[in-house]
Amino acid sequence: MRKILLGGVAAVGLLLAGCNGGGGTTSEAAKTDATTFLAGAEKELSDFSDYAARVAWVNANFITEDTDWLAARAGSEGTLLTVRLANATKQYEGASLTPDQQRKMQILRAGIVMPAPSTGTPDEQKAIADELSKITTDLQSTYGKGKFTIDGKELNLEQLSEIISSSRDPKKLQQAWEGWQTIAVPMKADYARMVEIGNAGAKELGFSDIADMWLANYDMPSKDMEATVEKLWSQVQPLYNDLHCYTRNKLNAKYGDAVQPKTGPIRADLLGNMWAQQWNGIYDIVAPPASDPGYDLNKVLVAKNYDPIKMVKTGEAFFTSLGLAPLPETFWTRSLITRPRDREVICHASAWDLDNLEDLRIKMCTQVNAEDFSTVHHELGHNFYQRAYNKQDFLFKNGANDGFHEAIGDFVALSITPEYLKQLGLISTSPPASADLGLLMDRALEKIAFLPFGLKVDKWRWQVFRGEVKPEQYNQAWVDLGKQYQGIVPPGERPADAFDPGAKFHIPGNTPYLRYFLSFILQFQFHKAACEQAGWTGPLHRCSIYNNKEVGAKFATMLEMGASKPWPEALEAFTGTREMDGSALVAYFAPLQAWMKEQNAGQTCGW
Ligand code: X8Z
Ligand code: ZN
């Protein structure tokens, strides 16, 4: 999580008044002027970030009216600052700049998640930045404090999620699922107002809307990026369809036609996850016969007395085994690793870099289970990336693109193989090849199931930002996209005031989501390339790069580049290719896909 480029109103007139003499500048003069401007901008942003990151940290760790107030204030200041700087880049349009300068200008112009317009008097500009920031802060807090009462007991997201993953009673599942969605009802009007303000800000910066602006952060025109996403989806969609078909059949066998029919979409609350985004919770229902890996990591971690700290230490040890330096001591004293009992916190896992140097932290309400073991690696991936690029200029202290940032830790976690667990002493024997289908199915529930969800979240936002979906259609559009991409439906009629998208963290949290779809593609490209570098010739799902310093050195080269070069260069440095490509993911799951096709023979797949 990076909390600098926020969004807001700009004192653009003031800034432009002092800058740029106009058409007479030579290209050398333009470069010098741009250097001064960019150095000033980076200094201002860096100073602001030192302050805003601490405010955001305290707010997320201790949600009260007062910390919300502080966060809203810092957010507004951030909006004013970043929008002012973004508008100031306009004076360098068409100037002859170095590639680095152009890159920094583009980051300044397109890198604001939720901008505000800068029209009107300074007081008017501040008023709208304040309004936007209050909305975004309130949305986050409302989500963070979300609870639903069942049988007189107030349940938070972890507790409701536990029901969704472990209960096999359709009534209970429906109750927990519908209960959680209620936390988002109060968000809808605020969300609509936020979109209005954000779009006005995006237009002022030369984008058609916020969707266009978000898509402009991938080193190519927004339209081309959207086409790239479609290409990637068409590569992996057949795999999802096979998994959907196979799973639906198993759910039908388990619950019967009245709960899960043999054809059509799957009931969303039966898939073991609140958003049906990862389906590992129902492994027991879909497990391929005679391919039991012989262990359940959930149980193993508990049996071996792992606690949250030990899980994080184990994650760190993987990264250091690749040759990366250990985390600083302050990581351990300043991170939040378990849910505190006596205060409200934002429990959605995140990684932080408070000073853009080495004050790295995670914040997660860690539970001792396989999912959180994976999430620990995910979060540490962010932290190790942040530290690796900390020598770059401020505006280049970021991922090559946001998908890279999300993929680093997941790539490492793909190396959590049985052989690796054996090395850790967690299991005593590595399962035979006959268990491969079981291992692959578990991974498929985590990775393949996610792909259409990863796409749905921003497909919904793009429609909303583009004005194609109006506030009164918000929920129906979300349900429709769930059906179209994931092939799922809510367990029952949705109430008229429902705002189901708000029940997913990244919507009230305003975190763009395309990054995760890209990450789930990229992490398999990283894994395949790393395994090839390691000389691995076996199946990809049995390859672990644990302890491999040569792979680690090449990996570090990519990490250290940060955002200093267009992402194809970073990708090339580690994998030798310049394209994002779904074929590594497809290759990884090839044995499972072949088997699922056999199982699905004679079925009418699709929905
Ligand atoms: O939000 C996250 C991370 C933090 S960046 C825990 N993820 C997405 C989600 O939970 O929805 C990781 C996978 C997808
Ligand atoms: Zn992440």
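Rules used throughout
- Residues numbered from 1 in each chain as written.
- Chains lettered and ligands numbered in written order.
- Predicted model: local features only at pLDDT ≥ 70, side-chain atom pairs only at ≥ 80, totals over all residues.
- Heavy atoms only, no water.
- Helix = DSSP H or I, 4+ residues; strand = E, 2+ residues; numbered from the N terminus.
- Rg over C-alpha atoms; globule rule 2.2 N^0.38 Å.
- Buried < 20%, exposed > 50% of the residue type's maximum accessible area, 1.4 Å probe, protein only.
- Contact = heavy atoms within 4.5 Å.
- Areas by Shrake-Rupley, 256 points an atom, 1.4 Å probe, with all protein chains shown as cover.
- Polar contact = N/O pair within 3.5 Å; in protein donor to acceptor, adjacent residues only side chain to side chain.
- Pairing = 2+ DSSP bridges.
- Phe/Tyr/Trp six-rings, centres within 6.5 Å; stacked < 30°, edge-to-face > 60°.
- Lys NZ or Arg CZ within 6 Å of the ring centre and 35° of its normal.
- Near = heavy atom within 4 Å.
- Nonpolar A, V, L, I, M, F, W, Y, C, P; charged D, E, K, R; others polar.
- Salt bridge = Lys/Arg side-chain N within 4 Å of Asp/Glu carboxyl O.
- Axes fitted to C-alpha atoms, helices over the stretch in contact; angles between N-to-C directions.
- Parallel < 35°, antiparallel > 145°, perpendicular 65-115°, else oblique.
- Left-handed = near helix turned anticlockwise from the far one by under 90°.
- Donors = N, O, S within 2.8 Å, 3.2 Å for Na, K, Ca; no water.
- Tetrahedral: all angles 85-135°; square planar, octahedral: opposite > 155°, others 65-115°.
- Disulfide = S-S within 2.5 Å.

Some details on the overall build of the protein chain
1) Next: When helices and strands are tallied, the protein chain shows 25 helices and six strands.
2) Next: Relative to the globule expectation of 25 Å for 607 residues, the C-alpha radius of gyration of the protein chain, 24 Å, shows essentially globular dimensions.
3) Next: Overall size of the protein chain, expressed as C-alpha extent along the three principal axes, is 75 × 55 × 50 Å.
4) Next: Out of the 607 residues in the protein chain, the part that is buried amounts to 59%.
5) Next: Of the contacts formed within the protein chain by residues at least 6 apart in sequence, a portion of 79% connects residues at least 24 apart.
6) Next: For the protein chain, the accessible area works out to roughly 23300 Å², and carbon and sulfur atoms hold 52% of it.

Observations regarding the environment of Ser415
1) Next: One can find Ser415 in the loop between helix 16 (402-413) and helix 17 (418-423).
2) Next: On the basis of relative accessible area, Ser415 is assigned to the buried category, the value being 0%.
3) Next: Sequence separation between Ser415 and Phe318 is 97 residues, and the spatial gap between their C-alpha atoms is 9.3 Å.
4) Next: Other than its neighbours up to four places away in sequence, Ser415 contacts Phe318, Tyr420, Arg443, His527, Cys543, Ser544 and Ile545.
5) Next: Separated by 2.9 Å, the side chain of Ser415 and the backbone nitrogen of Ile545 make a polar contact.

Brief notes about the pairing of strand 4 (residues 350-353)
1) Next: Neither face of strand 4 is open: one carries Ser350 and Trp352, the other Ala351 and Asp353, and all of them are buried.
2) Next: Summarising the sheet, strand 4 and strand 5 (residues 360-363) pair through four bridges and their orientation is antiparallel. Of the residues in strand 5, the one forming a bridge with Ala351 is Ile362.
3) Next: Two successive antiparallel strands, strand 4 and strand 5, enclose a turn made up of six residues, where Asn356 displays a positive phi of approximately 55 degrees.

With respect to the packing of aromatic side chains
1) Next: All told, the structure shown has 37 aromatic pairs when counted by the stated rule.
2) Next: Their ring planes at 90 degrees and their centres at 5.5 Å tell us that Tyr143 and Trp180 sit as a pair that is edge-to-face. A residue pair is termed long-range when its members are at least 10 positions apart, and Tyr143 in helix 5 (residues 122-144) and Trp180 in helix 7 (residues 170-181) qualify at 37 residues. Each of the two residues, Tyr143 as well as Trp180, counts as buried.
3) Next: Judged by centre distance (4.9 Å) and plane angle (75 degrees), the rings of Phe524 and Tyr588 are edge-to-face. One end of the pair, Phe524, is in helix 21 (residues 514-533); the other, Tyr588, is in helix 24 (residues 583-588), with 64 residues separating them in the sequence. Just as Phe524 is buried, Tyr588 falls in that class too.
4) Next: Aromatic ring contacts, followed pair by pair, group Tyr191, Trp460, Tyr474, Trp478 and Phe499 into a single cluster.
5) Next: Directly above the aromatic system of Phe396 lies the positively charged group of Lys104, at a separation of 5.1 Å from the ring centroid.

Remarks on the site of ligand 1
1) Next: The local shell around ligand 1 consists of Gln277, His348, Ala349, His378, Glu379, His382, Glu406, Phe450, Lys504, His506, Tyr513 and Tyr516.
2) Next: Residue His348 places a side-chain N or O atom 2.6 Å away from an oxygen atom belonging to ligand 1.
3) Next: The separation between an oxygen atom of ligand 1 and a polar side-chain atom of Tyr513 is 2.5 Å.
4) Next: With the chains in place, 86% of the 370 Å² that ligand 1 exposes on its own is no longer accessible.
5) Next: The element best represented in the shell around ligand 1 is helix 15 (residues 370-388), accounting for three residues.
6) Next: Class assignment for the residues of the shell around ligand 1 results in four nonpolar, five polar and three charged.

A short note on the pattern of salt bridges
1) Next: Summed over the entire model, instances satisfying the criterion amount to 31 salt bridges.
2) Next: With its nearest N and O atoms 2.6 Å apart, the salt bridge here joins Glu196 to Arg193. Here the residue Glu196 and the residue Arg193 both occupy positions in helix 8 (residues 188-204), the gap between them amounting to three residues, near one helical turn.
3) Next: Judged by relative accessible area, Arg193 falls into the partly exposed class, the value being 28%.
4) Next: With a shortest N-O distance of 2.7 Å, Arg494 and Asp500 are connected by a salt bridge.
5) Next: Its relative accessible area of 18% is what places Arg494 among the buried residues.
6) Next: Several salt bridges share partner residues, and in doing so they unite Glu42, Lys104 and Asp393 into one network.

Some details on the packing of helix 19 (residues 450-465) against helix 21
In helix packing, the relevant descriptors are the interaxial angle and the interaxial distance, both defined with respect to the helix axes.
1) Next: Relative orientation of the contacting elements helix 19 and helix 21 amounts to 150 degrees, with a least axis distance of 7 Å. Between helix 19 and helix 21, the angle is such that the two are roughly antiparallel. Between helix 19 and helix 21 lies a crossing whose hand is left-handed. Side by side, helix 19 and helix 21 meet where Phe450, Leu451, Gly454, Leu455, Asp458 and Trp462 of the first sit next to Leu514, Tyr516, Phe517, Phe520 and Ile521 of the second.

So, the coordination of the zinc ion (ligand 2)
1) Next: Around the zinc ion (ligand 2), the protein supplies His378 (NE2), His382 (NE2) and Glu406 (OE) as donor atoms, at distances of 2.0 to 2.1 Å.
2) Next: Geometry at the zinc ion (ligand 2) is tetrahedral, judged from the four donor atoms that bind it and their angles of 90 to 132 degrees at the metal.

Considering the state of the cysteines
1) Next: Counted according to the given criterion, the structure contains three disulfides.
2) Next: Between the sulfur atoms of Cys245 and its disulfide mate Cys605 the distance is 2.0 Å. Given an S-S torsion of about -75 degrees, the disulfide between Cys245 and Cys605 has left-handed geometry. Of this pair, Cys245 sits in helix 10 (residues 222-255) while Cys605 sits in the segment after helix 25 (590-600); the two residues are 360 residues apart in sequence, bridging distant segments of the chain.
3) Next: For Cys245, a relative accessible area of 1% translates into the label buried.
4) Next: Of the residues examined, Cys605 reaches a relative accessible area of 36% and is grouped as partly exposed.
5) Next: Between the sulfur atoms of Cys347 and its disulfide mate Cys365 the distance is 1.9 Å. Sign of the S-S torsion, about -80 degrees for the bond between Cys347 and Cys365, identifies this disulfide as left-handed. In this pair, Cys347 sits in the loop between helix 14 (329-334) and strand 4 while Cys365 sits in the loop between strand 5 and helix 15, placing the two residues 18 residues apart along the sequence.

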